[in-house]
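Each chain is listed here by its residues.
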Amino acid sequence: MNKKQWMSFSKTALSAAVAIVIAGPALAQQSVNAATEASDDGMPRAKEDKVRLGTITIVGEGGKLGAGQMLNEDAVKGRSTITKAAVEKDLSTGNPYQALALLPGVNTFNHDSTGLFGGGMTVRGFGSDQLGFTVNGVPVNDSGNYAVYPQQYVDQENVCTQSITQGSPDVESPHSGATGGSVSINSCDPEDKRRFRFGQTLGSLNLTRTFLRMDTGRFADDKLKVFLSYSHTQADKWKGEGQAKKDHIDFAFRWDLSPDSTVLGSVLYNRAVNNNLLAPTLAQLNSNGYKFDFSSTFTPGHLPGVNGTAQRETGPNPSFYKLSTNPFENVVASVSGSFKLAEETYLKIQPYLWKGYGTGGNQQTTLSETAFLNTATGKTGAGVDLNGDGDKLDTIIVARGSVTKTSRPGVTAELNKTLGNHQLKFGLWYERAEHRQTQPAVAVDANGNSADIWLRNGHIQRPDGSDYQGRDWLSISTASQAYVADNYSFMGDRGMLSLGLRVPQVTRDVSNYANESVTTAYNMKRSFSEVLPQMGLRFNVDKNSQVFFNVGKNFRAPPNFAFTGNNVKLNTTSGQVDLVTATKAETSIMTDIGFRIQNKQVSFSATFFQADFKDRQANVYDAATDRSTYANAGRVTNRGVELELGSASYKGFTAYGSMSLQKSKILDDMSATKNQIIPLSGKQFTLTPETMIATSLQYQAGPLYARVKVKYSGKQYATLMNDEVVPSYTTGDFAAGYTVGNVGPMSNTQLRFNVNNISNAQYRNPNSGTVVNAKPVGTTPAGTVSYFLGAPRFFSIQLSGDFN
């Protein structure tokens, strides 16, 4: 996009936003005239949660607006929320990425229809690892690299709201890596009355899912209520061999100590074992077809051992599917309390713990029998007879995976005081995440089965009896944040001015222990901090319309891998270590200006946004040194307009729609080597479609409903050089259901039917947005883009009911 086109888009977008703001009062007045005593009484509205920090609750009926796809808002910034009323009509195995897909600004895809294999998401050009995710107020981005695993956190039956703030996170958000917006996922409270719920889902690809939930109802003088749920889900991959298995347990309680003091608690446990889906390159896709995947047979496998002769095994290509798995187990536990200390003075506090263990990536590899570390000399070359043929000359297929073990305790606390028209907040956040990352190896038998897919037992050992390690890192990441905010209400609550300031600090303390890849031990410690102001204004033009404005600065500390591997230069003589390239924290300034119309018939929101991104970090390959390093990719600007519309029910029909129009622009060239500049200036940023349009139309007549969802995702780029294009595509889903009512001892009996990807569309999405170029640029060789492909049409049916 040239400068003239960029300026034209900027002027057009700004003109549209200004026109909306100017015309807003007139539009709102027309709405008032069209509806007698128009207001949104009974319509669902987002309100700040009185117990958990940085979360919202619903006032009103969640399903009355856009069939649950939208809430009325009073926030000073753009925010969109989907409710339980919409999500419960989706496929029961779904994950948050699928739930949020229709919301403005959201560009998302999943690796399959069930949601069990995960997916990817960008918002306004920011990846999920640049967004702050919380579940029940607990930060759940990976503490090392900020990755998000949407299939792990919750069962959708237990979720009440899923919200996305497309611009700046709230001032109290406990995030050290959110240069983009934030996503908040919140469980429902236990039911007031005792109930046992059962659900069974069957579908394509041998999908089976059983969901059980028990609610105690209120007890202990009606102050306490609890629920416990369990689900088991499994389904085959849509291409190739393998499957996904998931067991999930949710536990939650609410304890109302008094009308002004409440304690909420939850424990979310997940255990999953997935075979990976292969992400092909464009060349592999064109050569091998749409269902190209990992090898289904272990051929060629092990060679017969012969003493004195070198056997050099290679293994299947692509890797054998049983040696590309992703087993993971994690638990997120928290207790949240809100306590009245004095008149209009409350203390909110939430201690939490996130623990996880798992492996990932592709485990199939080969290991030389002389590649072992001699711990006495600190050099490789020690030998182990892996195949038992009496020599140490061979190269043998083994299973080696990236093991990550995380323990992450933390606490958030806030003092909330109302003084006249001022609501004052003073808060602190602290956490200490211990991130242990190793790479052990285990033997593979003649059928291609690893000795332990979890890589907990049976490790291949060095001659001295210690474990072989392809990597051996310990990252201690300490994060803290102090913040202060004032929400000032004026003109009889007609307007609100929000001022906030937060100061996050992150310390990365990374230790590399001697291993087969990096034989010298070292420690590197770096701290990052930034002062982040926010300012927002919301003003009610009349009782049906409001304008809002917000600007805020955001911050993202470098991930832990920026201090390991090729990013570090080591003087083996002195033992001193330093970074190849000075690593800076990413920062962004996000600006929202918008207008809302909210009445009994319709809710409409228009937001003009600008994102100014600085010190974007990316992986850059240097052919001269054969190293990929974590480098500064410079500045990026993204501008656009987001529109959102939801209707109330009219003769049984309810509609929702969103539109996102955006233009991104890279402002700086990138230095690949001392002598090679990659001309990125003026290019569009990756994974940022210029146009996205989404709609949902539902019809309900008594116990029967039917719903169609359609989304168009425009053209986007897979590389920063814009030399590989991702074509536009359209997908659609269908849902229908019928409430039977009482069937024997079962009440609220429901049948649901879902079809995902109705048109059986084929499309692709890059698995990363950091590839610089797909074609050679000067001395810089071509990078490789891999793609996740759209899953084919999928059918499912669900039966559920309650036993009271």
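Here the structure is a predicted model, which means the values were calculated and not measured. (Residues numbered from 1 in each chain as written. Predicted model: local features only at pLDDT ≥ 70, side-chain atom pairs only at ≥ 80, totals over all residues. Heavy atoms only, no water.)

## Quick notes on the overall build of the protein chain
Right, on to step 1. Along the backbone of the protein chain there are four helices and 47 strands.
Right, on to step 2. For 804 residues, the compact-globule formula gives about 28 Å, and the C-alpha radius of gyration of the protein chain, at 27 Å, lands near that figure.
Right, on to step 3. Dimensions of the protein chain, computed from C-alpha atoms along their principal axes, come out at roughly 95 × 65 × 55 Å.
Right, on to step 4. Burial statistics for the protein chain: of 804 residues in total, 57% are counted as buried.
Right, on to step 5. A total of about 31200 Å² of accessible surface is found on the protein chain, and carbon and sulfur atoms cover 55% of it.
Right, on to step 6. Taking the average location of the 77 positive side-chain charges in the protein chain and that of its 69 negative ones, the two points are 4 Å from each other. (Helix = DSSP H or I, 4+ residues; strand = E, 2+ residues; numbered from the N terminus. Rg over C-alpha atoms; globule rule 2.2 N^0.38 Å. Buried < 20%, exposed > 50% of the residue type's maximum accessible area, 1.4 Å probe, protein only. Areas by Shrake-Rupley, 256 points an atom, 1.4 Å probe, with all protein chains shown as cover. Lys, Arg positive; Asp, Glu negative; His and termini not counted. Charge placed at Lys NZ, Arg CZ, Asp CG, Glu CD.)

## Points about the environment of lysine 348
Right, on to step 1. Turning to its location among the elements, lysine 348 is positioned in strand S18 (residues 345–358).
Right, on to step 2. Through-space distance from the C-alpha of lysine 348 to that of leucine 415 is 6.4 Å; in sequence the pair is 67 residues apart.
Right, on to step 3. Non-local contacts of lysine 348, meaning those with residues more than four positions away in its chain, are made with Glu48, Asp49, Lys50, Val51, Arg52, Leu53, Gly337, Ser338, Thr412, Ala413 and Glu414.
Right, on to step 4. Of note is the side chain of lysine 348, whose polar atom sits 2.8 Å from the backbone oxygen of aspartate 49. (Contact = heavy atoms within 4.5 Å. Polar contact = N/O pair within 3.5 Å; in protein donor to acceptor, adjacent residues only side chain to side chain.)

## Digging into unusual backbone geometry
Right, on to step 1. The residue after threonine 299, namely proline 300, is reached through a cis peptide bond having omega -5 degrees.
Right, on to step 2. Within the element layout of this structure, proline 300 appears in the loop between helix H4 (282–288) and strand S17 (325–342).
Right, on to step 3. The amide bond that connects asparagine 317 to the next residue, proline 318, takes the cis arrangement and shows omega of 0 degrees.
Right, on to step 4. Tracing the chain through its elements places proline 318 in the loop between H4 and S17.
Right, on to step 5. You will see that leucine 205, though not glycine, has its phi angle at about 60 degrees, which is positive.

## Quick look at the confidence of the model for the protein chain
Right, on to step 1. Confidence in the prediction for the protein chain averages 91 pLDDT; 92% of positions are at 70 or higher.
Right, on to step 2. Scored below 50 in pLDDT, residues 1–39 shows 49 contacts in the model against residues more than four places distant or in partner chains. (pLDDT = per-residue confidence, 0-100.)

## Some thoughts on the pairing of strand S15 (residues 243–258)
Right, on to step 1. Pairing between strand S14 (residues 224–236) and S15: 13 bridges, direction antiparallel. Within S15, the position partnered with lysine 225 by the bridge is arginine 254.
Right, on to step 2. The hairpin turn running from S14 into S15, its antiparallel successor, is six residues long, and glycine 240 in that turn takes a positive phi close to 70 degrees.
Right, on to step 3. For S15 and strand S16 (residues 261–275), the ladder comprises 14 bridges, and the chain directions are antiparallel. Bridging across to S16, tryptophan 255 finds its partner in valine 263.
Right, on to step 4. Here S15 hands over to S16 after two residues, the two strands then running antiparallel side by side. (Pairing = 2+ DSSP bridges.)

## Looking at the pairing of strand S22 (residues 395–400)
Right, on to step 1. Taking burial as the measure, the six residues of S22 include five buried ones, the bulk of the element.
Right, on to step 2. With five bridges joining them, strand S19 (residues 364–368) and S22 adopt antiparallel strand pairing. Along S22, the bridge assignment pairs glutamine 364 with alanine 399.
Right, on to step 3. In the sheet, S22 pairs with strand S25 (residues 441–443) via three bridges, with the strands oriented antiparallel. Counted as the bridge partner of valine 398 is alanine 443 from S25.

## Observations concerning the nonpolar core
Right, on to step 1. Ranked by size, the top nonpolar core spans 67 residues in total, and within it Met121, Phe133 and Leu680 carry the most contacts.
Right, on to step 2. Examining the composition of this core, we find that three residues originate from one element, strand S28 (residues 522–529), more than from any other.
Right, on to step 3. The residues touching leucine 680, leaving out its near neighbours within four places in the chain, are Ile666, Asp668, Asp669, Met670, Leu720, Met721 and Val772.
Right, on to step 4. The next biggest cluster of nonpolar side chains, apart from the first, holds 18 residues, and it includes Leu285, Val726, Tyr787 and Leu789. (Core = buried A, V, L, I, M, F, W, Y, C linked by side-chain atoms within 4.5 Å.)

## Focus on the pattern of salt bridges
Once the charged atoms of two side chains with opposite charge are near each other, the side chains can pair.
Right, on to step 1. Inspection of every chain in the model, using the stated rule, returns 35 salt bridges.
Right, on to step 2. Note that aspartate 215 is salt-bridged to arginine 195, the shortest N-O span being 3.4 Å. On the criterion of sequence distance, the pair formed by aspartate 215 in strand S13 (residues 207–215) and arginine 195 in strand S12 (residues 195–203) is long-range, its members being 20 residues apart. For the pair shown, aspartate 215 and arginine 195 are each scored as buried.
Right, on to step 3. Glutamate 343 is paired through a salt bridge with lysine 340; the nearest N and O atoms lie 3.7 Å apart.
Right, on to step 4. Its relative accessible area of 57% is what places glutamate 343 among the exposed residues.
Right, on to step 5. Because the salt bridges share partners, they merge into one network encompassing Asp189, Asp192, Arg218, Lys225, Arg254 and Asp256. (Salt bridge = Lys/Arg side-chain N within 4 Å of Asp/Glu carboxyl O.)

## Looking at the state of the cysteines
Right, on to step 1. Tallied over the entire structure, the rule returns one disulfide.
Right, on to step 2. With a sulfur-sulfur separation of 2.0 Å, cysteine 160 is cross-linked through a disulfide to cysteine 188. Residues cysteine 160 and cysteine 188 are joined through a disulfide that is right-handed, its torsion about the S-S bond being 115 degrees. Note that cysteine 160 is positioned in strand S9 (residues 159–165) and cysteine 188 in the loop between strand S11 (182–187) and S12, a separation of 28 residues in sequence.
Right, on to step 3. With a relative accessible area of 10%, cysteine 188 lands in the buried category. (Disulfide = S-S within 2.5 Å.)

## As for the environment of glycine 360
Right, on to step 1. Turning to its location among the elements, glycine 360 is positioned in the loop between S18 and S19.
Right, on to step 2. Residue glycine 360 is classed as buried on the basis of its relative accessible area, which comes to 19%.
Right, on to step 3. The spatial distance from the C-alpha of glycine 360 to the C-alpha of glycine 390 is 33 Å, given a sequence separation of 30 residues.
Right, on to step 4. When residues no more than four places from it in sequence are discounted, the contact partners of glycine 360 are Thr325, Asn326, Gly401 and Ser402.

## What about the sheet that holds S22?
Right, on to step 1. A sheet is described by the order of its strands in space; here three strands give the open sequence S19-S22-S25, paired in antiparallel fashion. Edge positions in the sheet fall to S19 and S25, since each of these pairs with one other strand and no more. Neighbour-to-neighbour, the strand axes of the sheet open up by a mean angle of 55 degrees, direction not taken into account. (Axes fitted to C-alpha atoms, helices over the stretch in contact; angles between N-to-C directions.)

## Some words on the side chain of aspartate 155
Right, on to step 1. Examined against the element boundaries, aspartate 155 turns out to sit in the loop between strand S8 (138–139) and S9.
Right, on to step 2. We classify aspartate 155 as buried; its relative accessible area is 2%.
Right, on to step 3. When sequence neighbours within four positions are dropped, the list of residues in contact with aspartate 155 reads Arg209, Phe211, Ser231, Lys246, His248 and Asp250.

## Description of the side chain of glutamine 166
Right, on to step 1. By the element assignment, glutamine 166 lies in the loop between S9 and strand S10 (177–178).
Right, on to step 2. Here the side chain of glutamine 166 touches serine 80 through a polar contact of 3.1 Å, side chain to side chain.
Right, on to step 3. Of the polar contacts made by the side chain of glutamine 166, one reaches the backbone oxygen of proline 104; its length is 3.0 Å.
Right, on to step 4. If we ignore the near neighbours within four places in the chain, the residues touching glutamine 166 are Gly78, Arg79, Ser80, Pro104, Val123, Arg124, Gly181, Met590 and Glu642.

## Side note on the packing of aromatic side chains
Right, on to step 1. Summed over the entire model, instances satisfying the criterion amount to 17 aromatic pairs.
Right, on to step 2. When the centroid spacing of 6.4 Å and the interplanar angle of 15 degrees are considered together, the rings of phenylalanine 490 and phenylalanine 539 count as stacked. Residue phenylalanine 490 is found in strand S26 (residues 472–490), and its partner phenylalanine 539 is found in strand S29 (residues 532–542); the two are separated by 49 residues along the sequence.
Right, on to step 3. Where phenylalanine 653 meets tyrosine 699, the ring centres are 4.8 Å apart and the plane angle is 45 degrees; that geometry is what we call tilted. Linking phenylalanine 653 in strand S36 (residues 653–666) with tyrosine 699 in strand S39 (residues 691–701), this pair joins segments that are 46 residues apart in sequence.
Right, on to step 4. These aromatic residues form a ring-pair network of at least three members: Phe298, Phe320 and Tyr321.
Right, on to step 5. Between the NZ or CZ atom of arginine 471 and the centre of the ring of tryptophan 473, over which it lies, the distance is 5.2 Å.
Right, on to step 6. Arginine 596 extends its terminal NZ or CZ atom over the ring of phenylalanine 548, reaching a point 4.0 Å from the ring centre. (Phe/Tyr/Trp six-rings, centres within 6.5 Å; stacked < 30°, edge-to-face > 60°. Lys NZ or Arg CZ within 6 Å of the ring centre and 35° of its normal.)

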